[in-house]
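Each chain, written out:
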Amino acid sequence: MDADTQPEADFDREWWKEAVVYQIYPRSFNDSDGDGVGDIPGIIEKVPYLDDLGVDVVWLCPVYDSPNADNGYDIRDYHAIMDEMGTMDDWEDLLETVHDHDMRLIMDMVLNHTSDEHEWFVESKDRDSEYSDYYYWRDGEDGELPNNWTSIFGGDAWKYDEEREQYYLHIFDEKQPDLNWRNGDVREDVFEMLHWWLQKGIDGFRLDVINLISKREGLPDGEDNPGWVGWEHVINGPRVHEYISEMHDEVFADYDIMTVAEMPGCGVEDAKQYCGEDGDGLNMIVHFEHADIPYKPGGKWDLQDVDVDLDELDDLDDPDTHFNNWDLNELRDVLTRWQIGLEGDGWNANYLGNHDHPRTVSRFGDSGFFRVASAKLLATLQFTLQGTPFIYQGEEIGMTNVEWESFDELRDVEAIQQTEELMERHDADFEDVRHVVKHRSRDNARTPVQWSDEENAGFTDGEPWIKVNPNHERINVEAAREDEDSIWQYYRELVDLREDNDTLVYGDFHLLYEDHPSVFAYLRTLGDSGVLVVLNCFARNETFTLPPNLDADDPELLIGNYDDAGDDPTEFELRPYEARVYRIS
Ligand code: GLC
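Residues numbered from 1 in each chain as written. Predicted model: local features only at pLDDT ≥ 70, side-chain atom pairs only at ≥ 80, totals over all residues. Heavy atoms only, no water.

Attention shifts here to the packing of aromatic side chains. Inspection of every chain in the model, using the stated rule, returns 32 aromatic pairs. Centre to centre, the rings of Phe121 and Trp137 are 5.3 Å apart; their planes meet at 15°, and the pair counts as stacked. Taken as a pair, Phe121 in helix H4 (residues 119–124) and Trp137 in strand S6 (residues 137–138) lie far apart in primary sequence, 16 residues in all. Aromatic pair Phe572 and Tyr582: ring centres 5.9 Å apart, planes at 50°, arrangement tilted. Residue Phe572 is found in strand S19 (residues 571–574), and its partner Tyr582 is found in strand S20 (residues 579–583); the two are separated by ten residues along the sequence. Of the two residues examined, Phe572 and Tyr582, each falls in the buried class. An aromatic cluster of at least three residues, connected via ring pairs, comprises Tyr22, Phe29, Tyr49, Trp451 and Trp488. Sitting over the face of the ring of Trp347, Lys17 holds its NZ or CZ atom 4.8 Å from the ring centroid. If you follow Lys200 out to its NZ or CZ, it ends over the ring of Trp196, 4.8 Å from the centre. (Phe/Tyr/Trp six-rings, centres within 6.5 Å; stacked < 30°, edge-to-face > 60°. Helix = DSSP H or I, 4+ residues; strand = E, 2+ residues; numbered from the N terminus. Buried < 20%, exposed > 50% of the residue type's maximum accessible area, 1.4 Å probe, protein only. Lys NZ or Arg CZ within 6 Å of the ring centre and 35° of its normal.)

This part takes up the confidence of the model for the protein chain. Overall, the prediction assigns the protein chain a mean pLDDT of 94, with 95% of residues at 70 or greater. Predicted confidence in the protein chain is weakest over helix H8 (residues 319–323), with a mean pLDDT of 71, and strongest over strand S1 (residues 21–24), with 99. (pLDDT = per-residue confidence, 0-100.)

Turning next to helix H6 (residues 240–250). Residues Val240, Tyr243, Ile244 and Met247 constitute the buried set of H6. One side of H6 carries all its buried residues, which in axial view fall inside an arc of 95°. Against helix H5 (184–199) and helix H7 (268–275) lie the buried residues of H6. (Arc of directions from axis to C-beta. Contact = heavy atoms within 4.5 Å.)

Neither face of strand S8 (residues 166–169) is exposed, since Gln166 and Tyr168 on one face and Tyr167 and Leu169 on the opposite face are all buried. Pairing of S6 with S8 involves two bridges; the strand directions are antiparallel. By the bridge assignment for S8, Arg138 is matched with Tyr167. In terms of strand pairing, strand S7 (residues 158–161) meets S8 through four bridges, oriented antiparallel. Bridge pairing in S8 places Asp161 opposite Gln166. A loop of four residues connects S7 with S8, the two strands running antiparallel in sequence, and Glu165 in this loop sits at a positive phi of about 60°. (Pairing = 2+ DSSP bridges.)

Here we take up the packing of helix H2 (residues 40–53) against helix H3 (residues 88–100). Running from N to C, H2 and H3 cross one another at 15°; their axes reach a closest spacing of 9 Å. Comparing their axes, H3 and H2 come out roughly parallel. Judged by the sense of rotation from one axis to the other, the crossing of H2 with H3 is left-handed. Together, Ile40, Pro41, Ile43, Ile44 and Val47 of H2 and Asp90, Trp91, Asp93, Leu94, Thr97 and Val98 of H3 make up the contact between the two elements. Class assignment of the residues belonging to the contact of H2 with H3 gives a composition of eight nonpolar, one polar and two charged. (Axes fitted to C-alpha atoms, helices over the stretch in contact; angles between N-to-C directions. Parallel < 35°, antiparallel > 145°, perpendicular 65-115°, else oblique. Left-handed = near helix turned anticlockwise from the far one by under 90°. Nonpolar A, V, L, I, M, F, W, Y, C, P; charged D, E, K, R; others polar.)

Counting 157 residues, the largest nonpolar core has Trp91, Leu111, Leu194 and Trp197 as its most contacted members. Discounting residues that sit within four places of it in the chain, Trp91 has contacts with Ile40, Leu60, Val63, Ile81, Leu105, Met107, Trp197, Lys200 and Ile202. Within the second largest apolar cluster, 16 residues are counted, among which are Phe153, Tyr167, Trp228 and Val234. (Core = buried A, V, L, I, M, F, W, Y, C linked by side-chain atoms within 4.5 Å.)

A word on the site of the ligand. Taken together, 14 residues sit near the ligand, with Asp70, Asp208, Glu262, His355 and Asp356 positioned nearest. Interatomic distance of 3.0 Å between a side-chain N/O atom of Arg206 and an oxygen atom of the ligand. Protein contact buries 96% of the 310 Å² of open area that the ligand shows by itself. Classifying every residue of the shell around the ligand by side-chain character gives four nonpolar, three polar and seven charged. Among the domains, domain 1 (3–112 + 179–495) and domain 2 (113–178) are the pair contributing at least three residues each to the shell around the ligand. (Near = heavy atom within 4 Å. Polar contact = N/O pair within 3.5 Å; in protein donor to acceptor, adjacent residues only side chain to side chain. Areas by Shrake-Rupley, 256 points an atom, 1.4 Å probe, with all protein chains shown as cover. Domains from an automatic or database assignment.)

Our focus in this paragraph is the sheet that holds S6. The strands making up a sheet associate through backbone hydrogen bonding, with each pair oriented either parallel or antiparallel. A sheet is described by the order of its strands in space; here three strands give the open sequence S6-S8-S7, paired in antiparallel fashion. What marks the edges here is a single partner per strand, and that holds for S6 and S7.

This brings us to the domain arrangement of the protein chain. Reports of interface size often rely on the accessible area that becomes lost once the parts have come together. Partitioning the protein chain into structural domains gives domain 1 (3–112 + 179–495), domain 2 (113–178) and domain 3 (508–584). Here the C-alpha centre of domain 2 lies 27 Å away from the C-alpha centre of domain 1. Approximately 3,000 Å² of surface area, both sides summed, lies buried where domain 1 meets domain 2, with 55% of it carried by carbon and sulfur atoms. Across the domain 1-domain 2 interface, the total number found is two salt bridges. Here Glu117 makes a salt bridge to Arg76, at a shortest N to O gap of 2.6 Å. Seen at the junction of domain 1 and domain 2, the total is 23 residue pairs in polar contact (both at pLDDT 80 or more). At the level of elements, strand S4 (77–81), H5 and helix H12 (413–425) are the ones that each hand at least two residues to the side of domain 1 that touches domain 2. In terms of residue class, the side of domain 1 that touches domain 2 is built from 20 nonpolar, nine polar and 13 charged. (Buried area = accessible area lost by both parts, 1.4 Å probe. Salt bridge = Lys/Arg side-chain N within 4 Å of Asp/Glu carboxyl O.)

Another aspect to go through is the packing of H12 against helix H13 (residues 430–440). When two helices pack together, you describe them by how their axes are tilted relative to each other and by the distance separating the axes. H13 packs onto H12 with a crossing angle of 130° between their chain directions and a minimal axis gap of 10 Å. Taken together, the axis directions place H12 and H13 in an arrangement best described as oblique. As for how H12 packs across H13, the hand of that crossing is right-handed. Facing H12, whose interface residues are Thr419, Leu422 and Met423, H13 presents Phe430, Val433, Val436 and Val437.

Listed below in structure tokens is the structure:
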């Protein structure tokens, strides 16, 4: 649809609603100096590439000074750039280059915790220091820990500090102590620092685990569960809205920016309180309800539903399917709930993968025979739901999970701790749990972007900090750009389609066929305009019939992932992982 045929606007246009976001995990993006670690000059080299893809906003994962216990999510100095990544001058160049390309830059900001090497934490070990109350310091009673909470990464959430002679709370790694947001001085310092970045001209923030900043008074014991103990006292805590609204009023309200809040354990009703009309002023939420579906009830590393012995896993006909055995009803229910729930009252962030999950096509699609078709289908889903689409680096060429051959290949703090616990719990060695790692480790998403079929996938001239996926010989950007049927080209088309079509951005969502086992179909409508989306989510053939109450008036196929789809959506055969999008009025 061209601009002339766009329906009359009766909605609030916002640049961050119309934008396509691309997430960069800098360590793994592009290395310019041969030290094996991606860096800021490496990103600058690739800004034209992002522009070619049609990206509007770059989300940069942390590049601040950090000892890298959690690859930058443990910030030692909020005002400095990590040596491995470059300098503040490099960063300024990046911002300028992004802006020169008419794109925007949002920074990942970690405010729930700092590094234990941050000056505030170091000072807070002295009980007389002005930073004494910047973190959660507690005594243990009778040799016991202050409470039974565990860390999301495994093990206890408390660590004893010899100098202060007290325990401190760390919901993540022991090198990531939690900030005490109850202390007004903490909030004041944080807000000042946020202004400092915004004054540099950035276009917004992605706020890391921001719904974890208010812990329940008294830090009571958590209920026993196979995953993270204590979460109910940490997630969406009692004062969280007060803190976030304060941050909005004191900082964000002064700028025209995009705020994306990462919120584990956030449901759609909670989300409205954060990003709805009467909410705290955030723009959108990265929730986990759909992303967690292929995991088991106790979380990512819970094996209770793996109904075979670990040492038999290798003998399964198809261990990949065994791990990613998800139900379309569940996915459809979650996405529909969020689509309808936030319609007119909030906004969705449509992502399927990021640096915290294994690769999207390996989880929700098929990383083998139907890799290309299924990656295109998943992209179609992301670009045709209401909300802002987020592309995670490498998704645009359908990068897949990796075979981890030995424990030494793992790099991620979570993967290392959880794999160790798993081996201990099951008295197993790495070979026995290899499949679990392949389907659960965050390292899968952190292998370097595959730029070419050259050595190290063209990512570095040096020794890469993490394994490169050997399939880069086949799957790489260079090849994808040369192939007119590639996933990359399909993303390009989706970007254009969404850009020219307000119905895809602002239109309402209507679900068709509530419980079809393979086909996810919906309608987007805006005024008189309608777009029909039909996605056959598995590797079987299906038939689609347009519901009789819908008229396809002068229909037109807007995009599809098989090249011989017809223009009539009334009734058609769907092939494995087939996706079709029709304009129907
Ligand atoms: C978020 C980040 C993740 C990090 C954690 C702790 O979930 O996305 O990578 O490990 O927070 O900061």
